[in-house]
Amino acid sequence: MKILSSTSRIIFSLTLLLAVACEPKKEKAADDHRWWKEAIVYQVYPRSFKDSDGDGIGDLKGIISKLDYIKSLGVTAVWLNPIYSSPNDDNGYDISDYRNIMKDFGTMEDFDALVKGMHERGIKVIMDVVVNHSSDEHEWFKQSRSSRTNPYRNYYHWWNADKGKPAYRYSLFDVNHDAWKYDSISDAYYLHYFSRKQPDLNWENPKLRQEIYDMMKFWAEKGIDGYRLDAFQFAAKDTLFPEFPKEFEKDFVKYYAMQGNLHGYLQEMNKEVFSKYDVMSVAEGAGKTFEDAHNLVDADRSELNMAYAFDGVDIAKPEGYSLLKFKNTFSKWDSAFAAKGWISIFLANHDQARMVTRFGNDKPEFRDASSKMLSTFIMTMRGTPYYYNGDELGMTNIRFDKIEDYRDVPTHNEYLYQKKNGGDLNKLLERLKFDCRDNGRTPFQWDRTANAGFTTGTAWIKVNPNYTTINEAAQEKDANSCLNYFRKLTELRKNNVALVYGKYTLLDKGNEKIYAYTREDNGEKFLIVLNFSDSNANAAVSVDANTKAVLFNYNEAPVIANKDSITLRPYEAVVYKF
Ligand code: NOJ
């Protein structure tokens, strides 16, 4: 290399400085390109996806038989809900052996074949890691409960009864809302934030932590590409178990999330596991504040890649919701992470009722348009989209009339709790029709044959009777179906990096019916306009006859009313590219 004279060196440095200073200020998040930011994650709920052996329960071979379908959606990663050995108190979120496959789902060979099949199709595999708690049938717990001096005692949280009753802890799933369960074997209480069959693991014990990291590495060695950390924000505890204020349960996340050394454990997990493989990590829950969320996901902290917060999905209510609140929530999350950190975007998962019922409109005349409109929203926002299986067909809530039809453990326990405490059971049943998570767990509707083609046996939970009209086979044949529209959306996102990293700007902020925003990056600009209402609505956005509508959910693009506004039909969605 030619040696520069000192004068030319100074000039060179000055020019460089000037060039840097004049460069438009870029946001860091957008600069830092990663596969997991560009991923489109499709969530497969294995129990309800496809049954291969007629026992009424979806399984791994069933998923394998549908790999080409998954590929055809254009998604690039699949998040599998837990498939490990489990007595199924909470559909696999109660794990009795972290290194084995649940019998209902198949074998380890099936799992290996599934990962291979996904990878052959260019699809990454993300596994659920459920380590805030295990099953009470896990060997660790069996040992732990056997005596106060067992070497596994400290794998869980115990409170010896000689000290009296422990301070109240709220359980999300317990029939008495009580997270302490008395166990006569050792005359002590154990802690369970979820059901009695899901005792909380003691993260303060380094031996337990090492076991978990080894287990996580076991799956990474098998070739998986990422982890979704279930309820992990609750994992660390103050083991002195101090008294909490009365009625703390009304705001329990404040008392349960991000406690103790949680961030230290995540940094340790990152060092021991994530840093050793090309894997992504996402946490369920992001605490109470943006600061909490940043502490989980900011790259320089070496904890997780992203988290998903509940603020957005919590907005839907049976009586309806305010679009202004919806826009405000998503806009706030976007701006809080515009420069640093990364988030996930979702409107549904296995813990939510169906997206179209909650956020759109599942009446026959609006179901198709409103589910396409909601899909458009998810696929055009900044953040990694997580899309729940069945939503690509516009599947709807089943709305059971009887408690006996539900399978979900917290739903049954809440019913018993209300019954015992004089609650209004009819009111509860009505609410469940809107938000019980079993609505999102009914079998995938493949075709119009018996049981929607999901099983040849009796499905573990009833199939939604509307499968005769809403099903994959029918939508394959219809170029304008929700399914084919979803494929266009994934294509659009994958081909336009601006939709992944591009700056988000909210337009027509005060409009109560319309959600309009732009996404722009490196000279590429998109305008997305969505009508969230069941009537015509004007959007104050400027497009002209030359602006290209690259995707829309009616047969033709919306009418341009004048140079400053367009008129959208009920639940109409349009994406313009400038
Ligand atoms: C969150 C999971 O998504 C949910 O399905 C489960 O019931 C609880 N965590 C407990 O593991």
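Structure's up top.
Below is a short write-up of the structure. (Residues numbered from 1 in each chain as written. Predicted model: local features only at pLDDT ≥ 70, side-chain atom pairs only at ≥ 80, totals over all residues. Heavy atoms only, no water.)

## Notes on the overall build of the protein
1) Next: From N to C terminus, the protein includes 20 helices and 21 strands.
2) Next: Expected size for 578 residues packed as a compact globule is a radius of gyration near 25 Å; at 25 Å, the protein falls within 12% of this value.
3) Next: By its C-alpha atoms, the protein is 75 × 75 × 50 Å across when sized along the principal axes.
4) Next: The buried share among the 578 residues of the protein stands at 58%.
5) Next: Considering only intrachain contacts with a sequence separation of at least 6, the fraction spanning at least 24 residues in the protein is 69%.
6) Next: Counting 77 positive and 83 negative side-chain charges, the protein places the averaged centre of each group 2 Å from the other. (Helix = DSSP H or I, 4+ residues; strand = E, 2+ residues; numbered from the N terminus. Rg over C-alpha atoms; globule rule 2.2 N^0.38 Å. Buried < 20%, exposed > 50% of the residue type's maximum accessible area, 1.4 Å probe, protein only. Contact = heavy atoms within 4.5 Å. Lys, Arg positive; Asp, Glu negative; His and termini not counted. Charge placed at Lys NZ, Arg CZ, Asp CG, Glu CD.)

## Let's talk about helix H16 (residues 409-420)
1) Next: Its 12 residues place the ends of H16 17 Å apart at the C-alpha level, agreeing with the 16 Å of an ideal helix rising 1.5 Å per residue.
2) Next: Those residues of H16 hidden inside the fold are in contact with helix H17 (425-435). (Expected span 1.5 Å × (residues − 1).)

## Quick word on the pattern of salt bridges
1) Next: In the structure shown here, the tally under the stated rule is 43 salt bridges.
2) Next: A salt bridge links aspartate 183 to arginine 145; the nearest nitrogen and oxygen atoms lie 3.0 Å apart. Placement of aspartate 183 in strand S7 (residues 180-183) and of arginine 145 in helix H8 (residues 139-146) is noted, with a sequence separation of 38 residues between them.
3) Next: The salt bridge partner of aspartate 391 is arginine 354, with a shortest N-O separation of 2.9 Å. Placement of aspartate 391 in the loop between strand S13 (384-388) and H16 and of arginine 354 in the loop between strand S12 (344-345) and helix H14 (355-359) is noted, with a sequence separation of 37 residues between them. Of the two residues, aspartate 391 and arginine 354, neither departs from the other in class, the shared state being buried.
4) Next: Through salt bridges with shared partners, a single network forms among Asp90, Asp351, Asp408, Arg437 and Arg441. (Salt bridge = Lys/Arg side-chain N within 4 Å of Asp/Glu carboxyl O.)

## A look at helix H11 (residues 262-272)
1) Next: For H11, the complete set of buried residues consists of Leu262, His263, Tyr265, Leu266, Met269, Asn270 and Glu272.
2) Next: Among the structural elements, helix H9 (206-221), strand S9 (226-229) and helix H12 (290-297) are those in contact with the buried residues of H11.

## Description of the packing of aromatic side chains
1) Next: Considering all chains together, one arrives at 60 aromatic pairs under this definition.
2) Next: Here the aromatic rings of tyrosine 308 and phenylalanine 346 are separated by 4.9 Å at their centres, their planes lie at 70°, and the arrangement is edge-to-face. Of this pair, tyrosine 308 sits in strand S11 (residues 306-308) while phenylalanine 346 sits in the loop between S12 and H14, and the two are 38 residues apart along the sequence.
3) Next: A residue is classified by how much of its surface remains accessible, and phenylalanine 346, at 4% relative accessible area, is buried.
4) Next: Look at phenylalanine 330 and phenylalanine 377: their rings are 5.0 Å apart centre to centre, the planes differ by 85°, and that puts the pair in the edge-to-face class. (Phe/Tyr/Trp six-rings, centres within 6.5 Å; stacked < 30°, edge-to-face > 60°.)

## Focus on the site of the ligand
1) Next: Around the ligand, the surrounding shell consists of Asp90, Tyr93, His133, Phe173, Phe194, Arg228, Asp230, Glu284, His350, Asp351, Arg437 and Arg441.
2) Next: The side chain of histidine 133 places a nitrogen or oxygen atom 2.9 Å from an oxygen atom of the ligand.
3) Next: For the shell around the ligand, a count of residues per class yields 3 nonpolar, 2 polar and 7 charged. (Near = heavy atom within 4 Å. Polar contact = N/O pair within 3.5 Å; in protein donor to acceptor, adjacent residues only side chain to side chain. Nonpolar A, V, L, I, M, F, W, Y, C, P; charged D, E, K, R; others polar.)

## Let's talk about the nonpolar core
1) Next: Within the largest apolar cluster, 172 residues are counted, with the highest numbers of intra-cluster contacts made by Tyr42, Ile70 and Trp203.
2) Next: For this core, the leading source of residues is H9, giving 7 residues.
3) Next: Membership of the second largest hydrophobic core comes to 13 residues, among which are Ile514, Ala516, Ala539 and Ala549. (Core = buried A, V, L, I, M, F, W, Y, C linked by side-chain atoms within 4.5 Å.)

## Observations regarding the sheet that holds strand S21 (residues 573-577)
Adjacent strands of a sheet pair through backbone hydrogen bonds, lying either parallel or antiparallel.
1) Next: Pairing in this open sheet of 5 strands is antiparallel, and the strands run S14-S15-S16-S21-S18 from one edge to the other. Looking at the sheet topology across the chains shown, the edges are occupied by strand S14 (503-507) and strand S18 (548-552). The sheet shows a mean angle of 20° between the axes of neighbouring strands, taken without regard to direction.
2) Next: Contacts from helix H15 (residues 367-380) reach strand S15 (514-521), strand S16 (524-531) and S21, with the element oriented near 150° to S16. (Pairing = 2+ DSSP bridges. Axes fitted to C-alpha atoms, helices over the stretch in contact; angles between N-to-C directions.)

Purely geometric stuff here, so don't read any function into it on its own.
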